[in-house]
Structures are given as C-alpha cells and as structure tokens.
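Here are the chains, one letter per residue:
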Amino acid sequence: QVQLVESGGGLVQAGGSLRLSCAASGSIFSFGAMGWYRQAPEKQRELVAIITSGGIMTYATSVKGRFTVSRDSARNTVSLQMNSLKPEDTAVYYCYAAHVNYKGSVEGVWGQGTQVTVSS
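Residues numbered from 1 in each chain as written. Predicted model: local features only at pLDDT ≥ 70, side-chain atom pairs only at ≥ 80, totals over all residues. Heavy atoms only, no water.

**Focus: the pairing of strand β3 (residues 18-26)**
Two elements, strand β1 (residues 2-7) and β3, share six bridges in a ladder whose sense is antiparallel. Across the sheet, V5 pairs through a bridge with A23, a residue of β3. As paired strands, β3 and strand β8 (residues 77-82) are joined by six bridges and run antiparallel to one another. Its bridge partner lying in β8, L20 is registered against L80. (Pairing = 2+ DSSP bridges. Helix = DSSP H or I, 4+ residues; strand = E, 2+ residues; numbered from the N terminus.)

This is the structure:
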C-alpha cells in the first residue's frame, strides 16, 4: 500500500503565504501525476494544481499566478507554494498521486487532507 501525508496547513491572513508538502511512503513503484485538490465547506472537491512525471503543470484558473506546484520524484514528494492567499482559498487541501504499480495499473491515492484557513 501507498500512503500520502500532508503538512503545512494553517491559518494565515489574506495576502499571506503558505507552503504545503506531501510525502509518499509504502510500497512505491512509480508515480504518474501528483498534485493538489481542495474542498471548501458545502462544495465539491476541485483540482488546484497538478504536475505530471514529465513536469507539465496544470492549474485551476483561480490560482494561476499565485500558486506553484513542484515535485521531487527522487523523494516522492509534491509541494504547493501558495502566495497572495485570499479568503476564498479557505478549504481542506488534499494531496493526490497516481501510483503506477509493477503491472502498469494506475491507482489514485489520496492524503488525509490539511486545513488551510485564510482570514480577511
């Protein structure tokens, strides 16, 4: 099994910055895309940013220019640098990774989530 553990959430004032990190552990073979989703109260989970194994990044329109996703494939980690935070960024942020096993099958793995709260 593969586990993802997030860290770095917290409370910040509008305009501030936070950095989220996610570390994978367990029976890892390789990862495809890795990234971050978020879910605000009474809303559906949505993509924030994702980065492929080749380094191609995709961002939600609402965070472009403010958030930066990065990964260290050697260490099986993915990070999210969040700048110029807004109250509407308040949500539980989930790390996601597409784990590819030795058979070539892909399994989506989720972290437990970390709360980010931005005060106005």
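Now that the structure has been shown, the text picks up again.
**Here's the deal with unusual backbone geometry**
The backbone phi angle of E42 is positive, close to 60 degrees, even though this residue is not glycine. By secondary structure assignment, the location of E42 is in the loop between β4 (30-39) and β5 (46-51). Even without a glycine there, the phi angle at S84 is positive, about 50 degrees. As for its placement among the helices and strands, S84 is situated in the loop between β8 and β9 (91-100).

**Here we look at the environment of R45**
Tracing the backbone through its elements, the reader meets R45 in the loop between β4 and β5. Assessed through its relative accessible area of 34%, R45 is described here as partly exposed. Sequence separation between R45 and Y93 is 48 residues, and the spatial gap between their C-alpha atoms is 9.1 Å. With residues near it in sequence (within four places) discarded, R45 still touches Y37, R38, Q39, Y94 and W110. (Buried < 20%, exposed > 50% of the residue type's maximum accessible area, 1.4 Å probe, protein only. Contact = heavy atoms within 4.5 Å.)

**What about the pairing of strand β11 (residues 114-119)?**
For a regular strand, side-chain orientation follows a simple rule: the groups alternate between the two sheet faces. Going residue by residue along β11, you find T114, V116 and V118 tucked away on one face and Q115, T117 and S119 left uncovered on the opposite face. Looking at chain direction, strand β2 (residues 10-13) and β11 are connected through four bridges and run parallel. Paired with Q13 across the two strands is S119, which belongs to β11. Of the pairings in the sheet, the one linking β9 to β11 comprises three bridges and is antiparallel in character. Bridging across to β11, V92 finds its partner in Q115.

**A short note on the state of the cysteines**
Under the criterion given, the structure shown has one disulfide. In this model, C22 is linked to C95 through a disulfide, with the two sulfur atoms separated by 2.0 Å. Where C22 bonds to C95 through sulfur, the torsion about that S-S bond is close to -85 degrees, and the disulfide is left-handed. Here C22 is found in strand β3, whereas its partner C95 is found in strand β9, with 73 residues between them in sequence. (Disulfide = S-S within 2.5 Å.)

**Digging into the environment of E107**
You can see E107 is positioned in strand β10 (residues 106-110). With relative accessibility at 46%, the residue E107 sits in the partly exposed group. C-alpha separation for the pair E107 and V2, spaced 105 residues apart in sequence, amounts to 9.6 Å. For E107, the contacting residues outside a window of four places in its chain are A97, A98 and H99.

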